[in-house]
Amino acid sequence: NIAQSKELDVNLAWFWAEAELGLVITALRTIFGLPCPKTGHHLLFDMRFLERGRDDSAYIQAVTAFDIRVEGPLRDTELMHHMVAEALPHNETAVCAIYTGVPYYEAEMNLASMGKKRMDMVPDEIMWPYSAADADVLPRMERALMPIVREEGTDWVLENLTYPMIRFCRRLEARGVPIDLEYFDSLCVEYGEATQKAEAQLWEAVPHHPPGWKYGHSATLQKVLFQELGLPKSGRKTKGGRGCEDCDVGTCFVHDQTGKDALADIAVMPGGDHPCIAVLLELKALTKIKSTYLDGGAGGWKRYIQSDGRIHASAKSSRVKTGRLAFENPNVQNPPRGSRFRNIIAGHDPGKAILQADWSQLELWVIAYWLFEYYGDRTLLATLESGEDVHVITARRVMPNVDPELTNLEWK
């Protein structure tokens, strides 16, 4: 039985006969609905596909939305490994290799699936042992990691904060972020017109070059700025400039940066006050906003707005180097500062608002309390309580020979 998937736009070949499929889904709903603990590796990813259906029907159209609810306590060996060794790789085969005696088992599957990009190409005789191994190593990793977590004393954090975040993130994803579509579209038009206006100014500022040249292409921009216009170079080099002999003697035109910082440097250099620099800086800012938050490029928010008028971004309770909660596809957590962009979200639901809470310099406060509690040293705590810039105060203590008459503002 071949079914058409509206989400993937490909034909899905069901392994089960149509009459059997309902029985299989019912059995899976029963198993996952039991109150016993459920263990996974990056479990949030699996729940995203298992549970889609009932709560997501407004925007999920895939034929594989089976609404299989995952009940009971959740365990995640990836999150557990974050507690044990945050700096090491957390993928399943790496954790398995470090903490269990199971040998590496992905080579044949990776080869057949082009590095997991085409899992549909993997023959059953390869897929079945691979899937079985994935399931088999989970309890092995959990049994190996949990004693380490308990020994380090982080089991309370794991059970009471980290694991509950899995279900919390799943609810965030399903609920989505409401978008004020009318306001969003008006911003897209506004930034589109501003970009067109700035481009016209650029063509006028560089009249010898045909209009429409790709100012976002670094090689083209290097040629226009440094070879055709003869503008000074900022001194900022790309990684490719390392060891370049032509760069050393100033005859290289392909390793000079053309980003906003480099352009800002050029603007204040002798001979760098060409009118195109200011326009290019404006275009950098405009295209960045359009491609990241509006309707430009492949990463803009527009392509992620679903039929229910919301963006259902993927939450990341792990795989974040800072240890914080984050989102991807797209990153809705960090819109540009100011109400113009935050109103894209806040203006949708009457009576509701976005709350931003942040404990400034949290790590320094923790260290300050720790120093006072264990060593009786109140120096750092007093500095923080005074409201002074702790970085400036620290710098003045580290480098006491610098002019003591300088004010803190001059130091900063």
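This report concerns the structure included in the present document. (Residues numbered from 1 in each chain as written. Predicted model: local features only at pLDDT ≥ 70, side-chain atom pairs only at ≥ 80, totals over all residues. Heavy atoms only, no water.)

Now for the pattern of salt bridges. Using the criterion set out here, one finds 16 salt bridges in the structure. A salt bridge links aspartate 136 to arginine 140; the shortest N-O distance between them is 2.8 Å. Pair noted here: aspartate 136 and arginine 140 are both in helix H6 (residues 124–152), with a separation of four residues, about one helical turn. The exposure class of arginine 140 is partly exposed, given its relative accessible area of 36%. Salt bridges linked by common partners bring Arg48, Glu51, Arg170 and Glu173 together as one network. (Salt bridge = Lys/Arg side-chain N within 4 Å of Asp/Glu carboxyl O. Helix = DSSP H or I, 4+ residues; strand = E, 2+ residues; numbered from the N terminus. Buried < 20%, exposed > 50% of the residue type's maximum accessible area, 1.4 Å probe, protein only.)

Our next topic: helix H12 (residues 275–293). Relative to the 27 Å expected for 19 residues at 1.5 Å per residue, H12 spans 28 Å between its end C-alpha atoms, a close match to the ideal helical length. If you check which residues of H12 are buried, you get Cys276, Ile277, Val279, Leu280, Leu283, Leu286, Ile289, Lys290 and Tyr293. (Expected span 1.5 Å × (residues − 1).)

Below, the discussion takes up a nonpolar patch on the surface. Judged by side-chain polarity, Trp359, Leu362, Val366 and Tyr369 come together as a nonpolar surface patch covering roughly 420 Å² of accessible area. For tyrosine 369, the position within the fold is in helix H14 (residues 362–375). (Patch = residues over 30% accessible without salt bridge, like charges linked within 9 Å, V, L, I, M, F, W, Y side chains within 5 Å. Areas by Shrake-Rupley, 256 points an atom, 1.4 Å probe, with all protein chains shown as cover.)

Residue proline 330 is reached from asparagine 329 by a cis peptide bond, and omega for that bond is -5°. With respect to the element layout, proline 330 can be found in the loop between strand E8 (326–328) and helix H13 (339–346). Phi at histidine 42 is positive, roughly 60°, even though this residue is not glycine. Inspection of the secondary structure puts histidine 42 in the loop between strand E3 (38–40) and helix H2 (43–50).

Here we take up the nonpolar core. Ile179, Leu202, Leu225, Cys276 and Trp301 are the most contacted members of the largest nonpolar core, which has 70 residues in total. It is H6 that provides the largest number of residues to this core, a total of ten residues. Discounting residues that sit within four places of it in the chain, cysteine 276 has contacts with Leu202, Ala205, Val206, Leu225, Leu229 and Leu231. Trp365, Leu380, Leu381 and Val390 belong to the second largest nonpolar core, which has six residues in total. (Core = buried A, V, L, I, M, F, W, Y, C linked by side-chain atoms within 4.5 Å. Contact = heavy atoms within 4.5 Å.)

Let's shift gears to the environment of aspartate 273. Relative to the assigned elements, aspartate 273 resides in the loop between helix H11 (260–267) and H12. Along the primary structure aspartate 273 and proline 232 are separated by 41 residues, whereas in three dimensions their C-alpha atoms are 9.8 Å apart.

All right, on to the environment of alanine 133 then. Within the secondary structure layout, alanine 133 lies in helix H6. Judged by its relative accessible area of 17%, alanine 133 falls in the buried class. Between the C-alpha atom of alanine 133 and that of tyrosine 183, which follows or precedes it by 50 residues, the distance is 50 Å.

As a further point, take H2. Every buried residue of H2 is listed here: Leu43, Leu44, Met47 and Arg48. Around the axis of H2, the buried residues are gathered within 145° of arc, so they sit on the same side. In this structure, the buried side of H2 is in contact with E3, strand E4 (74–76), helix H7 (155–175) and strand E7 (314–316). (Arc of directions from axis to C-beta.)

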